[in-house]
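# Architecture at a glance
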Amino acid sequence: MPDKESFDRTVATLILFAVWSVIVIAPMFFPRAEPAPDWLMLGTTAIVWLVIGRQWGLEVERVLNAVTNIRVTTDGGQPRDDDRED
């Protein structure tokens with residue numbers, strides 16, 4: 001069962017996403033709608049994704065750590081000869 005904080009974050013995320021999509025995405029689907037100015041679209045996008053990222057813990061440091069700590073090997077996970085302990 002989700003807790004109250006998780007529910008509140010979900011509702012806030014949905015509201016922010018709805019506002020962002022009305023400003024940025026909706027004019028693409030309605031030919032008569034005039035697109036918002038660039039500064040408004042960029043500002044809204046930056047603020048919404050910053051707030052959503054902070055709410056859900058998607059900080060840049062976490063993403064960079066996840067990307068930089070990836071190890072790719074072709075030896076099937078077996079230790080190399082110089083790594084083995086006798």
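Residues numbered from 1 in each chain as written. Predicted model: local features only at pLDDT ≥ 70, side-chain atom pairs only at ≥ 80, totals over all residues. Heavy atoms only, no water.

### Quick notes on the packing of aromatic side chains
Counted only if it meets this: Only the six-membered ring of Trp is used, alongside the rings of Phe and Tyr, when aromatic pairs are assigned; centres must lie within 6.5 Å, and planes under 30 degrees apart are stacked while those over 60 apart are edge-to-face, with the rest tilted. In DSSP terms, a helix is any run of H or I states spanning at least four residues, a strand is any run of E spanning at least two, and both are numbered starting from the N terminus. Only protein chains enter the accessibility calculation, which uses a 1.4 Å probe; a residue whose area is less than 20% of its type maximum is buried, one above 50% is exposed, and one in between is partly exposed.
Counting across every chain of the model gives three aromatic pairs. On the numbers, 5.5 Å between centres and 35 degrees between planes, the contact of phenylalanine 17 with tryptophan 20 is tilted. Highlighted residues: phenylalanine 17 and tryptophan 20, both in helix α1 (residues 4-29), separated by three residues, approximately one helical turn. Taking the relative accessible area as the measure of exposure, phenylalanine 17 reaches 38% and is therefore partly exposed. Owing to a relative accessible area of 11%, tryptophan 20 belongs among the buried residues under this scheme. Relative to tryptophan 49, the ring of phenylalanine 17 lies with its centre 6.1 Å away and its plane at 65 degrees, an arrangement referred to as edge-to-face.

### Things to note about the side chain of threonine 13
Its place among the elements puts threonine 13 in helix α1. With relative accessibility at 16%, the residue threonine 13 sits in the buried group.

### Quick word on helix α2 (residues 38-56)
Counted only if it meets this: A helix's residues, less one, multiplied by 1.5 Å, set its expected span. Directions pointing from the helix axis toward each C-beta atom define the arc.
Over its 19 residues, α2 runs 27 Å from end to end, which matches the ideal 27 Å to within 8%, given 1.5 Å per residue. Looking at α2, one finds that the buried residues are Thr44, Val48, Ile52 and Gly53. One side of α2 holds all its buried residues, which, seen down the axis, span an arc of 150 degrees. Exposed residues lying more than 90 degrees from the buried face of α2 are Asp38, Trp39, Leu42, Ile47, Leu50 and Arg54. One or two residues past the end of α2 sits glycine 57, with phi positive at roughly 75 degrees.

### Comments concerning a nonpolar patch on the surface
As a reminder of what qualifies: For patch detection, residues must exceed 30% relative accessible area and be free of salt bridges, and they are connected within 9 Å for like charges or within 5 Å for nonpolar side chains (Val, Leu, Ile, Met, Phe, Trp, Tyr). What sets the accessible areas is the Shrake-Rupley method with a 1.4 Å probe; for residues, cover comes only from the shown protein chains. We define a salt bridge as a side-chain nitrogen of Lys or Arg found within 4 Å of a carboxyl oxygen belonging to Asp or Glu.
Among the surface-exposed residues, Phe7, Val11, Ile15 and Val19 lie close enough to one another that they form a single nonpolar patch of about 350 Å² accessible area. By the secondary structure assignment, phenylalanine 7 is in helix α1.

### A word on the packing of α1 against α2
Helix-helix packing: each pair is described by the crossing angle between the helix axes and the interaxial distance. Put simply, the test is: Note on geometry: axes are C-alpha line fits, over the in-contact stretch for helices, and angles between N-to-C directions span 0 to 180 degrees. Roughly parallel means an angle under 35 degrees; roughly antiparallel, over 145; roughly perpendicular, 65 to 115; everything else is oblique. For any helix crossing, the convention is left-handed if the near helix is rotated counterclockwise from the far helix by under a right angle, and right-handed if that rotation is clockwise. Contacts: residue pairs with any heavy atoms within 4.5 Å of one another. When residues are grouped by polarity, Ala, Val, Leu, Ile, Met, Phe, Trp, Tyr, Cys and Pro land in nonpolar, Asp, Glu, Lys and Arg in charged, and all others, Gly among them, in polar.
Following both chains from N to C, one finds α1 and α2 inclined at 165 degrees, their axes separated by 10 Å at the closest point. Taken together, the axes of α1 and α2 lie roughly antiparallel to each other. Note on packing geometry: the crossing formed by α1 with α2 is left-handed. Taken together, the residues of α2 that come into contact with α1 (itself represented by Ser6, Arg9, Thr10, Ala12, Thr13, Leu16, Phe17, Trp20, Ile23 and Val24) are Leu40, Met41, Thr44, Thr45, Val48, Trp49, Val51, Ile52, Gln55 and Trp56. Tallied by class, residues from the contact of α1 with α2 come to 13 nonpolar, six polar and one charged.

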